[in-house]
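As a plain string of letters, each chain reads:
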Amino acid sequence: MTHWRFSVPTAVPRRTVLITGASSGLGLTFARRFAARGDDLVVVARRRDRLDALARELQAAHGTTTAVFAQDLSLPGAAQALFDRLSDRGVRVDALINSAGFGTAGPFAAEDLDRVTDEVQVNVLALTQLTLLLLPQLLHSPAGLLLNVSSTAAYQPLPNIAVYAATKAYVTALTEAIWQESRGTSLQVLALAPGPTETEFFAAAGSDRFKVGPTLTANEVVDAAFAALARRNSPPSLVVGARNRATAIFARLAPSRLALLVSARLTA
Ligand SMILES: NC(=O)c1ccc[n+]([C@@H]2O[C@H](COP(=O)([O-])OP(=O)(O)OC[C@H]3O[C@@H](n4cnc5c(N)ncnc54)[C@H](OP(=O)(O)O)[C@@H]3O)[C@@H](O)[C@H]2O)c1
């Protein structure tokens, strides 16, 4: 049996879905999909012009409301500031999609301190704080959803992408634990782990080192996420693509020295 919430759009209660990183790539694709299902959105990213254009597009296409919150999530306190702005405007959310994120590449010793600090702030701290602040609302919703965008990079340490892989390992670990803690509630929780996906991610990172494995489109990744969430007992995490799943299993089972050797070759 498929899950009613995601398989029958016309039966879906109208929800408010907050999506970080909605100005591009996976976040943008999620925004279009949720709006097509009739959900109202709260969209967050730095590029306000893109978010405003998205709000106009979705209003015209689906008649849904999109609230725009331009916010730099690399700033300390950004999640609390966003939460306060939502509270001031009386916005309550049913679903949270943490998609904002970016990667840095190169040997760890050569990483830029400020850039790495921003990376941890966006990928880890803002995601954690926003999740914690909004969790009571998600749990209160009859159709709550927490979806954190992780990566196949989460499944093994990655030399030359060390910090990024570590941030994503954190995202998967955190999200899977929340999945277990939410058993018996109406909240669905998913750590989504795509492999390389056609978005602006590589341009933002300024590196192709992340292109390990087959490249998918953002639509394919979002399709896979919705399919996983439609399952009666949806999983704590989803590695998108059969080859990526096999690689993730290998990385988890292989001795560390072997996994690191293979990883280093792939990201050299
Ligand atoms: N594409 C891939 O190959 C791939 C694979 C696995 C996982 N992922 C993950 O997927 C998620 C989405 O990335 P994507 O592929 O869609 O890349 P993308 O097209 O570059 O989108 C990244 C999004 O994050 C937002 N963002 C970045 N820094 C931000 C900041 N300081 N404050 C607020 N928002 C910020 C960007 O918005 P602004 O620039 O407007 O702020 C943009 O909307 C990330 O978490 C990424 O790690 C991507």
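Before reading further, recall that the structure is shown in the block above.
All residue numbers refer to positions counted from 1 along the written sequence of the respective chain. Since the coordinates come from a predicted model, pLDDT governs what is reported: local features require at least 70, and pairs of side-chain atoms require 80 or more to be given and counted, while whole-chain, interface and lining totals use all residues. The basis for every side-chain value is the complete set of non-hydrogen atoms in the structure, without hydrogens or water.

1. Brief notes about the overall build of the protein
If you tally the helices and strands in the protein, you get 10 helices and 9 strands. We compute the radius of gyration over the C-alpha atoms and compare it with the globule rule, which gives 2.2 Å times the number of residues raised to the power 0.38. In terms of overall size, the protein behaves like a compact globule, its C-alpha atoms giving a radius of gyration of 18 Å where 268 residues would be expected to give roughly 18 Å. Along the longest, intermediate and shortest principal axes, the C-alpha atoms of the protein span 50 × 45 × 30 Å. Any residue under 20% of the maximum accessible area for its type is buried, any over 50% is exposed, and the rest in between are partly exposed; the area is computed with a 1.4 Å probe on protein chains only. Within the protein, buried positions represent 54% of all 268 residues. Within the protein, counting contacts between residues at least 6 apart in sequence, those at least 24 apart form 70% of the total. Each accessible area value is a Shrake-Rupley result obtained with a 1.4 Å probe; residue values ignore everything except the protein chains displayed when judging cover. For the protein, the exposed surface amounts to about 12,100 Å²; the carbon and sulfur share of it is 57%. Asp and Glu count as negative and Lys and Arg as positive, but His and the ends of the chain are not part of the count. Every charge is mapped onto a representative atom, which is NZ of Lys, CZ of Arg, CG of Asp or CD of Glu. Between the averaged position of the 26 positive side-chain charges in the protein and that of its 21 negative side-chain charges there is a distance of 7 Å. Secondary structure elements follow DSSP: runs of H or I of four or more residues count as helices, runs of E of two or more count as strands, with numbering from the N terminus. By the convention used here, residues are in contact when the closest approach between their heavy atoms is within 4.5 Å.

2. Description of the site of the ligand
Taken together, 30 residues surround the ligand, and among them S24, R46, R47, Y164 and T199 come closest. At 2.7 Å from an oxygen atom of the ligand is found a side-chain nitrogen or oxygen belonging to R46. Definition of a polar contact: a pair of N or O atoms within 3.5 Å, with one able to donate and the other able to accept a hydrogen when the atoms are protein atoms, and with sequence-neighbouring residues admitted only if both atoms are side-chain atoms. Between the ligand and the protein, one listed contact pairs an oxygen atom with a backbone N or O atom of F201 at 3.4 Å. For the shell around the ligand, the secondary structure elements donating two or more residues are α2 (25-36), α6 (162-181) and α7 (201-205). If even one non-hydrogen atom of a residue comes within 4 Å of a molecule or strand, that residue is called near it.

3. Structural notes on the pattern of salt bridges
What makes a salt bridge here is a side-chain nitrogen of Lys or Arg within 4 Å of a carboxyl oxygen of Asp or Glu, nothing more. For the coordinates displayed, the defined rule picks out 8 salt bridges. Linking R15 and D39 is a salt bridge whose minimum nitrogen-to-oxygen distance equals 4.0 Å. One end of the pair, R15, is in the loop between α1 (4-7) and β1 (16-20); the other, D39, is in the loop between α2 and β2 (40-45), and 24 residues separate them in sequence. Residue class for D39 comes out buried when judged on its relative accessible area of 0%. Across the pair R50 and E200 runs a salt bridge whose closest N-O atoms are separated by 2.9 Å. Taken together, the residues span a long stretch of sequence, with R50 in helix α3 (residues 48-62) and E200 in the loop between β7 (197-198) and α7 at a distance of 150 residues. One salt-bridge network, in which partners are shared between bridges, spans R15, R37 and D39.

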